[in-house]
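Chain by chain, the residues:
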Amino acid sequence: MSATPANEPLLDYVTSCALPTPWAQFTLHAFVEHATGKEHLAMVLGDIGNGEPVLARVHSECLTGDVLFSQRCDCGAQLEGALKKIAAEGRGILLYLRQEGRGIGLVNKIRAYRLQEAGADTVEANLQLGFHADARNYELCKPMLEQFGVRKVRLMTNNPRKIDALTRLGIDVVERVPLLVNRNAFNNNYLNTKAAKLGHMMNPLTEAVEDGQL
Ligand SMILES: Nc1nc2c(ncn2[C@@H]2O[C@H](COP(=O)(O)OP(=O)(O)OP(=O)(O)O)[C@@H](O)[C@H]2O)c(=O)[nH]1
Ligand SMILES: [Zn+2]
């Protein structure tokens, strides 16, 4: 929970710059959260403030998957897939939230991976470390989307709890857009546990036929 009083803004909008990517030139917007000093990001493409539902991805930081090419999870492939979908439509937003390791931080995620190497699944490992299975909080999404005049989203996710959380915040999720996952020998159990214990919607539609296919 944030220590910020109810009437105080949760974060400040700071600045933006152009962000060319292999798929489109986005605008990268920077925010700073009051309670933690964490720097959260929004990647924006096209006119998203015109009232039409916006293709959106709420992505939680995964340094190992997003940056270091880890195959233990599907985060890197989902980040790339979401940006490609936004680029293909020419319009959308990706919120990059700095809640690494489902909110437990990078070092604790590495501790959790070590417990997984000893036989725990992704949920059991978090619980053994004294954390909830998923310690994330999506409250920053509301003011971040409001900054750009976005009230209705077509959310790219397989996670029903993320849809519930955003809906409870007053964000209108008008559609779920399935995101392909990049199943491999290293993340097979992880993906099965997400479906069995965390409720993720995995089906053939969201399974990439081959690595990188979107
Ligand atoms: N604690 C912990 N966090 C993990 C593990 N693997 C990935 N993460 C973190 O999980 C977050 C991504 O969550 P996911 O459940 O994969 O996906 P999601 O965003 O909730 O759901 P989608 O919208 O369908 O992608 C990132 O913050 C990762 O750092 C793990 O084994 N343990
Ligand atoms: Zn990951």
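The residue count restarts for each chain, going from 1 along the sequence in the order it is written. A letter from A marks each chain and a number from 1 marks each ligand, given out in the order of writing. Predicted model: local features are reported for residues with pLDDT of at least 70 only, side-chain atom pairs are reported and counted for 80 or more only, and whole-chain, interface and lining totals are derived from all residues. As a rule here, side-chain values come from all non-hydrogen atoms in the structure, and water together with hydrogens is ignored.

Going by an unreviewed UniProt entry, the protein carries the name GTP cyclohydrolase-2 and comes from Massilia solisilvae. UniProt positions are given in the numbering used here, feature names are shortened, and annotations may be inferred rather than shown by experiment. UniProt annotates the protein under Catalytic activity (unreviewed entry) with the comment "GTP + 4 H2O = 2,5-diamino-6-hydroxy-4-(5-phosphoribosylamino)-pyrimidine + formate + 2 phosphate + 3 H(+)". In its Sequence similarities (unreviewed entry) section, the UniProt record describing the protein reads: "Belongs to the GTP cyclohydrolase II family."

Student: For unusual backbone geometry, give the residues involved together with the corresponding values.
Tutor: Keep in mind that most residues, glycine aside, have a negative phi and that most peptide bonds are trans. We note that Phe69 has phi near 65°; this positive angle belongs to a residue other than glycine. Take Phe69: it is sitting in the loop between α1 (63-67) and α2 (75-89). Of note in the backbone geometry, Arg102 takes a positive phi value of approximately 50° without being a glycine. Here Arg102 shows up in the loop between β5 (92-97) and α3 (106-117). We call a residue buried when its accessible area falls under 20% of the maximum for its residue type, exposed when it is over 50%, and partly exposed in between, using a 1.4 Å probe and counting protein chains only. Residue classification places Arg102 among the buried residues on the basis of a relative accessible area of 13%. A run of H or I in DSSP counts as a helix once it spans at least four residues, and a run of E counts as a strand once it spans at least two, with each numbered from the N terminus.

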